[in-house]
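Observations on the three-dimensional arrangement
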Amino acid sequence: QSRIILEHVRTKTQLQTYIFSMSTNEAVTVSELERLDLEEESENASIAAMGVKAMLGGPIAPFLHRNIDQARCASQKESIQTHPSKLSHLEEGLIEIVDVLEESPNDFLAGTVAGMAGVIAGSPADIVKVRMQTSANASAMQVVRQLSSTEGFLGFYRGLLSPLLSVGLQNAIVFGVYGTSLKLMQSVRNRDLMEKAPLSQVIGAGALSGLANCIVVSPSELVKIQLQVDEGRGHRYKNLLHCCRSLYRNGGLREFSRGFCPTLLREIPSGGIYFGAYEFFKRRWGDSHSSILMAGGLGGVIAWVLIFPLDVVKSNIQSYPLVPRDDRTVGSRLYPTMSECTLDLYKRQGMSVFFRGIGICAVRGFFVNGIIFFTQEATLRFLREQR
């Protein structure tokens, strides 16, 4: 009877069901196998199923049947997953979601470590970029000379504490949301999580990570930019905490939402481009250390270059000095809107203003994002090895 049933096994999923029945002494009929709603198996999977089926029906069958419980049912969870006829689609989906969420802490922690490494490495180039974007006709070398002469070496790390404190949360959100949403997309599509996801899913997961990141990155960059441009305003802020207090006293929590709209329009497409470009290059060049550094660097450069004009507008909106309460008029806006800022910049400085600082940003993007992805991959690999 067992051999008759074995003759009707045609796919890997049917084979798993047959193996489960043999290991648990539960009878399975030909009709039950035929009723299974099976997806089409790949050629390799079919060949593997045929090979195991031949062994099950051959001279070593008794040995395989005695040890099949250890091989296929190492745990109750695995035994349930290998018997699709016993689970509803809802239960299977819930099991997959739980498996994905169990891996999420690693993605969040790896993103935290990578982000902190990136912000320390990229702080000097970042402050040069912001000073160029918010100053009229200042070259990179002029900004570097001015910083060196007036503020010294520490001037290149002015405003570092704000992004350093928040960057862990930012990158935890970016890599955590990206990794979790990508795995959930694969599970919904019934894809093996060990397989490489299509680039369309990578871009979609990256865009979702950018959307989630806006909540943290917008107020953090507001504080960072206020500190970075404070040198030319007579040092109004004593430190990070004084800056945050001044912003809150001036406009409450609403003050920290300044520049949120351009940040949102920047982060969503850049997140998709960022991860999409990285995965594209990494799949072409492999998983070596140099390939990860190059792929991460190019992903960062491409993402930054394409959204750079939006970053210029955002930096200018967030760099406006605080408007004292006594100087406000009823019904007037404290700061220009995104469209007003864009038109004002164009009228005063022309089209070139939207690309001022793009060179230093591209260099910084390549260097910093190469480090970020390299650190993230290395941390993730380390965490998996510790399990």
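Everything below is about the structure printed above this text.
Residues numbered from 1 in each chain as written. Predicted model: local features only at pLDDT ≥ 70, side-chain atom pairs only at ≥ 80, totals over all residues. Heavy atoms only, no water.

On a plain count of helices and strands, the protein chain comes out with 15 helices and 0 strands. With 387 residues in all, the protein chain has 44% of them scored as buried. Sequence-distant contacts, at least 24 apart, represent 76% of the contacts inside the protein chain between residues at least 6 apart. (Helix = DSSP H or I, 4+ residues; strand = E, 2+ residues; numbered from the N terminus. Buried < 20%, exposed > 50% of the residue type's maximum accessible area, 1.4 Å probe, protein only. Contact = heavy atoms within 4.5 Å.)

Before going further, it helps to spend a moment on a nonpolar patch on the surface. A surface patch of nonpolar side chains, about 230 Å² in accessible area, is lined by Leu199, Ile203 and Phe280. Here Phe280 lies in helix α12 (residues 260-285). When its relative accessible area of 37% is taken as the criterion, Phe280 is described as partly exposed. (Patch = residues over 30% accessible without salt bridge, like charges linked within 9 Å, V, L, I, M, F, W, Y side chains within 5 Å. Areas by Shrake-Rupley, 256 points an atom, 1.4 Å probe, with all protein chains shown as cover. Salt bridge = Lys/Arg side-chain N within 4 Å of Asp/Glu carboxyl O.)

Take the packing of helix α10 (residues 199-228) against helix α11 (residues 240-251) next. α11 packs onto α10 with a crossing angle of 110° between their chain directions and a minimal axis gap of 10 Å. Of the possible angle classes, the one that applies to α10 and α11 is roughly perpendicular. Two packed elements cross with a definite hand, and for α10 against α11 that hand is right-handed. Residue-level inspection shows Leu222, Val223, Gln226 and Leu227 of α10 in contact with α11, the latter providing Leu240, Cys243, Cys244 and Leu247. In the contact of α10 with α11, the residues fall into 7 nonpolar, 1 polar and no charged. (Axes fitted to C-alpha atoms, helices over the stretch in contact; angles between N-to-C directions. Parallel < 35°, antiparallel > 145°, perpendicular 65-115°, else oblique. Left-handed = near helix turned anticlockwise from the far one by under 90°. Nonpolar A, V, L, I, M, F, W, Y, C, P; charged D, E, K, R; others polar.)

Further remarks concern helix α13 (residues 289-319). Taking 1.5 Å of rise per residue, 31 residues should cover 45 Å, yet α13 covers just 38 Å from first to last C-alpha, more than 12% shy of that figure. If you look at α13, its biggest bend is around 60°, right at Phe308, and the proline Pro309 turns up within four residues after that. (Expected span 1.5 Å × (residues − 1). Bend = angle between axes of the 7 residues up to and from the residue.)

In the structure shown here, the tally under the stated rule is 10 salt bridges. Taking the shortest distance from any N to any O, the salt bridge between Glu267 and Arg266 comes out at 2.7 Å. Put simply, Asp287 and Lys282 hold a salt bridge, and the shortest N to O gap is 4.0 Å.

Attention shifts here to the packing of aromatic side chains. Under the criterion given, the structure shown has 9 aromatic pairs. Relative to Phe373, the ring of Tyr278 has its centre 3.8 Å away and its plane inclined at 15°; by these criteria the two rings are stacked. With Tyr278 in helix α12 and Phe373 in helix α15 (residues 358-385), the pair connects residues that are 95 residues apart, well separated along the chain. By the burial criterion, Tyr278 is buried, and Phe373 matches it. When the centroid spacing of 5.1 Å and the interplanar angle of 25° are considered together, the rings of Phe281 and Trp285 count as stacked. Of the two residues, Phe281 and Trp285 are both situated in helix α12; the distance of 4 residues between them amounts to about one turn of the helix. The buried category is assigned to Phe281, whose relative accessible area is 16%. Residue Trp285 is classed as partly exposed on the basis of its relative accessible area, which comes to 40%. (Phe/Tyr/Trp six-rings, centres within 6.5 Å; stacked < 30°, edge-to-face > 60°.)

Mapped onto the elements of the fold, Glu221 is located in helix α10. According to the relative accessible area criterion, Glu221 is buried, its value standing at 13%. A polar contact of 2.6 Å, which involves the side chain of Glu221, links it to the side chain of Lys314. Look past the residues within four positions of Glu221 in its chain and what remains in contact with it is Arg266, Lys314 and Gln318. (Polar contact = N/O pair within 3.5 Å; in protein donor to acceptor, adjacent residues only side chain to side chain.)

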